[in-house]
Amino acid sequence: GGLDSIAVVITERLSGHPPDPDGFRDGKAWIDYRGPPGTIPTVSFSDVVQGRVPDERIRGHIVVVGATAPTLRDVHSTPVGGEELMPGAEVQANAIWTALHGLPLRSAPPGLDILLLVLLAMLAPLTRWRLPLGVVGAVTVLAGAGFLAGAQFAFERGTIVDVAAPLVALLIGAFGAIAWSEFAERRVRHRVTR
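Residues numbered from 1 in each chain as written. Predicted model: local features only at pLDDT ≥ 70, side-chain atom pairs only at ≥ 80, totals over all residues. Heavy atoms only, no water.

Engineer: Talk me through the overall build of the protein; I want residue IDs and the actual numbers.
Structural biologist: Of the regular secondary structure elements, the protein holds six helices and four strands. Scanning the protein from its N terminus toward the C terminus, one meets helices and strands in the order α-α-β-β-α-β-α-α-β-α. Taking 16 Å as the expected radius of gyration for a compact globule of 194 residues, we find that the protein reaches 25 Å, considerably beyond that expectation. Projected onto the principal axes, the alpha-carbon positions of the protein cover approximately 90 × 35 × 30 Å. (Helix = DSSP H or I, 4+ residues; strand = E, 2+ residues; numbered from the N terminus. Rg over C-alpha atoms; globule rule 2.2 N^0.38 Å.)

Engineer: Give me the lowdown on the nonpolar core, citing residues and values where you can.
Structural biologist: One finds A108, L120, A143, F147, A154, V161 and L170 forming the largest nonpolar core, which totals seven residues. Counting residues in each nonpolar core, the second largest holds five residues, with A7, A95, I96 and A99 among its members. (Core = buried A, V, L, I, M, F, W, Y, C linked by side-chain atoms within 4.5 Å. Buried < 20%, exposed > 50% of the residue type's maximum accessible area, 1.4 Å probe, protein only.)

Engineer: Go over the packing of helix α4 (residues 110-130) against helix α5 (residues 133-156), please, and point to the residues and values.
Structural biologist: Contact geometry for α4 and α5: axes closest at 8 Å, N-to-C directions at 160°. Compared by their axis directions, α4 and α5 come out roughly antiparallel. Once α4 is placed against α5, the crossing between them reads as right-handed. Residues L116, L120, L123, A124, T127 and R128 of α4 lie in contact with α5, whose contacting residues are L133, V135, V136, V139, T140, A143 and F147. Tallied by class, residues from the contact of α4 with α5 come to ten nonpolar, two polar and one charged. (Axes fitted to C-alpha atoms, helices over the stretch in contact; angles between N-to-C directions. Parallel < 35°, antiparallel > 145°, perpendicular 65-115°, else oblique. Left-handed = near helix turned anticlockwise from the far one by under 90°. Contact = heavy atoms within 4.5 Å. Nonpolar A, V, L, I, M, F, W, Y, C, P; charged D, E, K, R; others polar.)

Engineer: If you had to explain the packing of aromatic side chains to someone new, which residues and values would you point to?
Structural biologist: Counted under the stated rule, the structure contains zero aromatic pairs. The lysine or arginine in question, R34, covers the ring of W97, its NZ or CZ lying 3.5 Å from the ring centre. (Phe/Tyr/Trp six-rings, centres within 6.5 Å; stacked < 30°, edge-to-face > 60°. Lys NZ or Arg CZ within 6 Å of the ring centre and 35° of its normal.)

Engineer: Mind laying out the environment of V139, listing which residues take part and the relevant values?
Structural biologist: Tracing the chain through its elements places V139 in helix α5. For V139, a relative accessible area of 25% puts it in the partly exposed group. C-alpha separation for the pair V139 and L123, spaced 16 residues apart in sequence, amounts to 8.2 Å.

Engineer: Requested: an account of unusual backbone geometry, with residues and values cited.
Structural biologist: The residue D26 is not glycine, and still its phi comes out positive at about 55°. Mapped onto the fold, D26 is located in the loop between α1 (6-15) and α2 (45-49). At L103, a position not held by glycine, the phi torsion is positive, near 50°.

Engineer: Quick one: what's the story with the pattern of salt bridges, residue by residue and with numbers?
Structural biologist: Two side chains with opposite charge may pair up if their charged atoms get near one another. Going through the model one piece at a time under the given rule, you end up with five salt bridges. D47 is the partner of R52 in a salt bridge, and the nearest nitrogen-oxygen pair spans 2.5 Å. Among the ionic pairs, D55 bridges to R59, the shortest N-O distance being 3.7 Å. Classification of D55 by relative accessible area gives partly exposed; the value is 49%. Taking the relative accessible area as the measure of exposure, R59 reaches 62% and is therefore exposed. (Salt bridge = Lys/Arg side-chain N within 4 Å of Asp/Glu carboxyl O.)

Engineer: Any details on the environment of A179? Residues and values, ideally.
Structural biologist: If you trace the backbone, A179 turns up in helix α6 (residues 164-193). For A179, a relative accessible area of 45% corresponds to the partly exposed category. Distance in space between the C-alpha atoms of A179 and G38 is 49 Å, their sequence separation being 141 residues.

Engineer: A description of helix α3 (residues 88-100) should follow, citing residues and the corresponding values.
Structural biologist: The end-to-end C-alpha distance of α3, which contains 13 residues, comes to 18 Å, matching closely the 18 Å that a straight helix rising 1.5 Å per residue would cover. Most of α3 sits inside the fold, with ten of its 13 residues counted as buried. Those residues of α3 lying buried are G88, A89, E90, V91, A93, N94, A95, I96, T98 and A99. Considering only its buried residues, α3 is in contact with α1, β1 (75-76) and β2 (86-87). Looking at the residues trailing α3, positive phi occurs at G102, about 80°. (Expected span 1.5 Å × (residues − 1).)

Here it is, written out as structure tokens:
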């Protein structure tokens with residue numbers, strides 16, 4: 001609707017300027033979750049109203065008021081929650097933390113994602129062109145493990161690389177190389193037999 005998110009508005013109010021526009025792609029930014037559901041402390045609103053929460057627990061902090069009961073349907077699946085759902089208020093708190101800390105997660109440039117996809121898709125067929133089939137399997141496993149390690153390394157430095165598509169391309173390339181080898185071998189056997 002053209003409105004800024006809660007995280008952007010709070011960042012503008014507390015810092016005097018909006019978050020870095022470079023942190024957004026198509027108007028969206030990654031949330032850097034602090035941990036699984038329950039990582040950000042919560043207190044019962046009724047306890048606050050009835051004075052059962054010490055003032056210092058809230059004073060000077062950013063407070064997000066929201067429902068946490070799953071029956072109210074404001075719970076969400078997150079990358080850090082596993083099977084456990086995170087209350088919407090905690091998702092907002094994580095988004096606020098992320099915006100206040102300069103949107104530390106960035107997507108890799110689209111060109112890099114495409115390059116990785118193409119390279120991993122072509123790796124097994126190019127390996128099979130010169131080397132035996134057993135080497136293709138070993139190269140595929142090592143390349144997959146290396147790619148995952150590289151993606152984790154990039155993530156720890158704030159860059160999110162597409163993982164699923166390049167891994168699928170690597171597997172399709174490997175299966176394609178194996179299938180082509182089998183087909184070529186059958187053709188040779190058929191010729192020899194004739």
